[in-house]
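Listed below are the residues making up each chain.
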Amino acid sequence: MTAPLLSLTGLTKAYPGVVANDDVSFDIRPGEVHALLGENGAGKSTLVKMIYGLVKPDSGQMLLNGVAFAPTEPRAARADGIAMVFQHFSLFDALNVAENIALGMEMPPPMRDLARQIRSVSETYGLPLDPYRTVGDLSAGERQRVEIIRCLLQDPKLLIMDEPTSVLTPQEVQILFETLRKLKSEGTSILYISHKLEEIRALCDQATILRLGKNVGACVPSETSARDMAEMMVGTSLQTPERSGRAFGEPAIELSGLSAASPSEFGTALKNIHLSVRKGEVMGIGGVAGNGQDELLAVLSGEIPEPSDAIKLMGQPIGRLGPNQRRALGLLAAPEERLGHAAAPDMSLTENALLTGAVREGLTSGGFLRWSAARGFAENIIQAFDVRTPGPDNAARALSGGNLQKFVIGREVLQRPEVLVVNQPTWGVDAAAAAAIRQALLDLAAKGAAIIVISQDLDELMEIADSFAALNEGRLSAPRPTAELSIDEIGLMMGGAHGMEVAHV
Amino acid sequence: MDLSAINPVLLIASLMVAATPILLAAIGELVVEKAGVLNLGVEGMMIVGAICGFAIAVNTGSPLVGFVAAAIGGAVLSLLFVLLTQVALANQVASGLALTLFGLGLSALMGQSYVGVKPPAFAKLDIPGISDLPVVGPILFSHDLVLYFGLALVAAVWAVLKFTRAGLILRAVGESHDAAHALGYKVVRIRTMAILFGGACAGMGGAYISLVRVPQWTEGMTAGVGWIALALVVFASWKPWRVLLGAYLFGGITVLQLNLQAAGVAVPVEYLAMSPYVITILVLVILSQQKSSAPAALGRIFHASQ
Amino acid sequence: MIVLEKRPQPSKLWAYGTPVLAVLLTMIFGGLLFAALGKNPVDAIRTIFFDPVFGEFAFYYRPQLLVKGAPLVLIAIGLSLGFRAGIWNIGAEGQYIIGALCGAGVALAVYPLEAFWLFPLMIMAGALGGWAWAMIPAFLKVRFGTNEILVSLMLVYVAEQLLASMALGLLRNPDGFGFPGSRNLQQYPSAHNAELIAGTGMHLGVVFALIAVIFAYVLLSRHMLGFQIKLTGAAPRAAKFAGVNPARLILVCLGTSGALAGMAGLFEVAGPAGQVSIDFNVGYGFTAIIVAFLGRLNPIGILLAGGLMALTYIGGEIAQGQLGLPAAAIDLFQGMLLFFLLALDVLTNYRIRLRKGEAA
């Protein structure tokens, strides 16, 4: 057995109220793809930030090639051959590819030389990229290439990848894996962070599993079943949601020829969308992030006005109606961004209950607020959806991601919608909360509501959706029943090949 | 009324003088905003610079030393803004207003014994032969050093932002402080330096009013120039060369309306005097039509959590 | 190393504590400032904060407290609605001037007619004038997305020039022997904003200020519009999702603050100031910004802050006369107060901790 490249011993990091990492130890060998597996909140990010010099451990030590390693800042980590591809937050939209890459290097060459290097590396690893394009105009997959190339230009010994496939189509995932295998064959070690078990089984040589900040086990992924890994990760055996056989009713919501410009500068415009969802049906809308998901939700919630006939609710044109008028008619929505969009972080849960509940729950009378009724509604949500919080007077930002998400979904579900639209209902939520949310959506559909679930998690859509359509660059594919779809077909739908092409794969 | 009394050559020469305070303050604010910070305290930093420069110039007899003092004065005041926004994470709009109110009071207090005093004159460039050339001479070759310094500063800021690594990092911090932080850049330190630079520039701009343009000290003498400089940065879409263009445009309007007043145009003085402000509003309206090219993180509070 | 740590919840204790602490710190540093100016700091602070209310001539100064406090509170209440929603009207001074011009203009136009309806009409004209002046930035923001901070501020300078033009031209007293300034409204019974009870300083503006406080309190704590204002300030995107119409909110907030500032101007010009003159405005529109923040944008807080700020105005004048303290020192003193307040506000949302050195 070769000596480890990086050896972690007893790493501990505590934040007020939570121990993010508790005595974590493991080794990464040269040329090894090592998986770091765990749920959201298991402490993966903190661990990685310690390796990358963004966070200093409270105790424990790291050895790099047998020498003590304690980077005080990312620059020091990079100098020692550690590179990191972030999940988000590390690209500058208004700058071009070459400038973005230069920012991640210690001594970048002059721009012209750098551009040449970028071209050559991108060809070598099969990641085509134009150095002079503005990053804000790139697709999610292309943006990730920028980050990867930024890392590769520094000839890293260890490449850290944080949830790299969450923004990719299945086909793009295959390309990424080719690149990573090529790197591995050249002797680069990779620390691969994910909660997607099948990917880890396909790619990784070793896996370390974290739960609640602790190292709870290690395994060789190719020799371990996904189910076993999942149980190590979650700690209990999981319930899959029950879907009872349902009959679909009349069309509840219909979109016809719907187009919309994006309100944000680097957003995606929606182009000629047709969709019809029946009562009792769960429509899953997949697609890579940034292909018009936010815009679709805004168009349905009423935040972006449309021509009247473009959206019909039970046959009634509602395109021009605002959010509250749509709520009154039974069309409710829950956006992806919990803090700042679905909820106001600094306001109490009572106030956040009022945020969307005022119309249907009768929380106002004559323009005046009925605080006791609002508080009662908030308490209902907290109780019915098992939201862990001291009470409705607490600020939304004090809740964990999963609890706030339960609150946000619960707030809409309890208002008995005719049609409910949710975007990324379980993003960043622990497995137990995710299961509860999915079950609530299915129960709602069983009572006859039409549900549109926009999600980037294909497993989630396969689990709960009756029909599936994909968003690609603002266009929506024709919906197909999920039961008859293969993962390859889904990939093609997400990649933008619609209808005919799928038929002769 | 006698419009022929207006000499176009002198008009252009005095336009450059009138534009310099706005130019200095705006180019400083441009750097601050490029770093993602909105400092509405330009007016306050200018007026403090105006009195610092004036007082030191009077006491030392050297306008040049006065300008250095003005830069230091402006920077020291902007340090208060740093404390509020970068350390105490206060709202930048409110903090900028506080800076302006504070600066106006402070300058009035400092300037009490300087009212009515005449500052030492600033030597103008005088190259025998060249400065005496018709038309070109008075326009290009017979100003004071600070005016040329202002022009050089615009060129320098442009070059630094476009071609250097420091400029790239500054722009990156202004685009996304989270991303810059993740890459290991010291967001607060970089922003602090940008704010201090902006304060120094505004201070010099203020001193140019009290030492060259007017030249004397009166309370509140910056009279909104700092706010016009802020508008100018928007006008310029955060581009240094357009700051120069805008400053000369506003300088031109100011000088023209003064000349019209002197020439006795049949429009009441007050309406001529309000024209620079009205035109600023008009320009803002026209420019807000186009897509914003503001730094994405402008005015947002950065707190490195965990 | 000192580290800021975000609190899970804003601290209630500090929300009330910071203004008090800011006032104390301002007294300490203000005292140091006065000492640096060669004045006895204890004397100066006592003269400013104590003498107007409890001193020998308090009977004269106490009414002044209402006279100075009313416009500050009236304007600050209007501003606070906008500030809460992230709409920055900093041109209240201009709206104040235009309100005064419009209101006084009505009276001067019908002079010397005496009628019971004249003063109510003047109040309406004043409010309308301030409202219209504030609608310029509001309309430009809604229609073109123009920055309201810069536009409203630029309009202060425009209003000042208009005031000068009016005081020297259209509204000049025809019997004034060519001196600038309008007729004195204090000598025009129907147009005079007289004291309701003689010797108390209590004029109609004070009543309106109190009504504004109550109105704003009810609006913010009990009404949907108030909730929408708070929501827009706290999370603009969530507000849009909740069905708030941002354009409407901008028009309402700027319009209300403009109307209140215009009314304050009218009460001042028809009462304590008496006439339209080049410098009848003394910066209440800017000081009201400090009042709004010092009162934590809360109506009751603003009432208290307005009183405190009026105290520093009056105390400052006394200190000027008795101790020779320069007028600018008081401006600086007020600016300092805003500084400390903003700086200490961090304690409401963050905890300060000492921690071992931390990377990043």
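Residues numbered from 1 in each chain as written. Chains lettered and ligands numbered in written order. Predicted model: local features only at pLDDT ≥ 70, side-chain atom pairs only at ≥ 80, totals over all residues.

Participant: Looking at this structure, I do not really get the overall build of chain B. What am I missing?
Facilitator: If you tally the helices and strands in chain B, you get 12 helices and zero strands. Each helix (α) and strand (β) of chain B, taken in turn from the N terminus, gives the series α-α-α-α-α-α-α-α-α-α-α-α. In terms of overall size, chain B behaves like a compact globule, its C-alpha atoms giving a radius of gyration of 20 Å where 306 residues would be expected to give roughly 19 Å. Summarising its shape, the C-alpha atoms of chain B cover approximately 70 × 45 × 40 Å along the three principal directions. By residue count, 55% of the 306 residues in chain B fall in the buried class. (Helix = DSSP H or I, 4+ residues; strand = E, 2+ residues; numbered from the N terminus. Rg over C-alpha atoms; globule rule 2.2 N^0.38 Å. Buried ≥ 20, exposed ≤ 12 C-beta atoms within 10 Å, placed from the backbone.)

Participant: Can you help me understand the overall build of chain C in this one?
Facilitator: Secondary structure assignment for chain C yields 15 helices and two strands. A compact globule built from 360 residues would reach a C-alpha radius of gyration of about 21 Å, and chain C, at 22 Å, matches this within 12%. Projected onto its principal axes, the C-alpha coordinates of chain C cover approximately 75 × 55 × 35 Å. The buried share of chain C, reckoned over its 360 residues, is 55%.

Participant: Even after reading the chapter, I still don't get the interface of chain A and chain C, so can you show me in this structure?
Facilitator: Contact with chain A, which involves 32 residues of that partner, is made by 20 residues of chain C. Those elements that place two or more of their residues in the side of chain A that touches chain C are α10 (323–329), α11 (349–357) and β18 (368–369) of chain A. Looking at the side of chain A that touches chain C element by element, the count peaks at three residues for α11 of chain A. For the side of chain A that touches chain C, a count of residues per class yields 16 nonpolar, 11 polar and five charged. (Contact = placed C-beta atoms within 7 Å. Nonpolar A, V, L, I, M, F, W, Y, C, P; charged D, E, K, R; others polar.)

Participant: Explain the pairing of strand β8 (residues 189–194) of chain A to me, please; I cannot follow it from the model alone.
Facilitator: Regular strands have side chains that alternate between both faces of the sheet. Residue and element names in this part refer to chain A. Among the six residues of β8, six are classified as buried, and the element is accordingly described as predominantly covered. Burial along β8 is two-sided: S189, L191 and I193 and I190, Y192 and S194, pointing in opposite directions, are all buried. When strand β3 (residues 33–37) meets β8, the two strands line up parallel, connected through five bridges. Bridge assignment links V33 to a residue of β8, and that residue is I190. Bridging between strand β7 (residues 158–162) and β8 involves five bridges; their strand directions are parallel. Bridge pairing in β8 links D162 to I193. On the question of chirality, the crossover connecting β7 to the parallel β8 by way of helix α6 (residues 170–185) is right-handed. (Pairing = 2+ DSSP bridges. Right-handed = clockwise from strand over helix to strand, strands pointing away.)

Participant: Explain the environment of P119 of chain B here, please?
Facilitator: Summarising the element assignment, P119 of chain B is placed in the loop between α4 (92–110) and α5 (136–140). Not counting the four nearest positions on each side in its chain, P119 of chain B is found in contact with F54, A57, V58, P63, L211 and P215 of chain B.

Participant: Even after reading the chapter, I still don't get the interface of chain B and chain C, so can you show me in this structure?
Facilitator: By a widespread convention, an interface's size corresponds to the accessible area lost as its parts come together. Listed per partner, the contact involves 42 residues of chain B and 40 residues of chain C. Counting only elements with at least two residues in the side of chain B that touches chain C, the list comes to α3 (63–87), α4, α10 (225–235) and α12 (269–287) of chain B. The biggest single contributor to the side of chain B that touches chain C is α4 of chain B, with 12 residues. Tallied by class, residues from the side of chain B that touches chain C come to 31 nonpolar, 10 polar and one charged.

Participant: Looking at this model, I keep getting lost on the sheet that holds strand β14 (residues 311–313) of chain A. Mind explaining?
Facilitator: Two modes of strand pairing occur in sheets, parallel and antiparallel, and in both the strands are linked by backbone hydrogen bonds. Residue and element names in this part refer to chain A. Spatially, four strands are ordered β12-β11-β14-β15 in an open sheet, and the strand pairing comes out antiparallel. In this open sheet, the two edge strands, each paired with only one partner strand, are β12 (270–278) and β15 (316–317). When strand β11 (residues 251–260) meets β14, the two strands line up antiparallel, connected through three bridges. Residue pairing across strands places I253 opposite L313, the latter belonging to β14.

Participant: Would you explain the environment of V24 of chain A in this entry?
Facilitator: Residues and elements named next belong to chain A. The topology assignment puts V24 in strand β2 (residues 18–28). A count of 24 C-beta atoms within 10 Å places V24 in the buried class. For the pair V24 and F407, spaced 383 residues apart in sequence, the C-alpha separation works out to 33 Å. Once residues lying within four places of it in the same chain are set aside, the contact partners of V24 are L8, L11, L47, L210 and N215.

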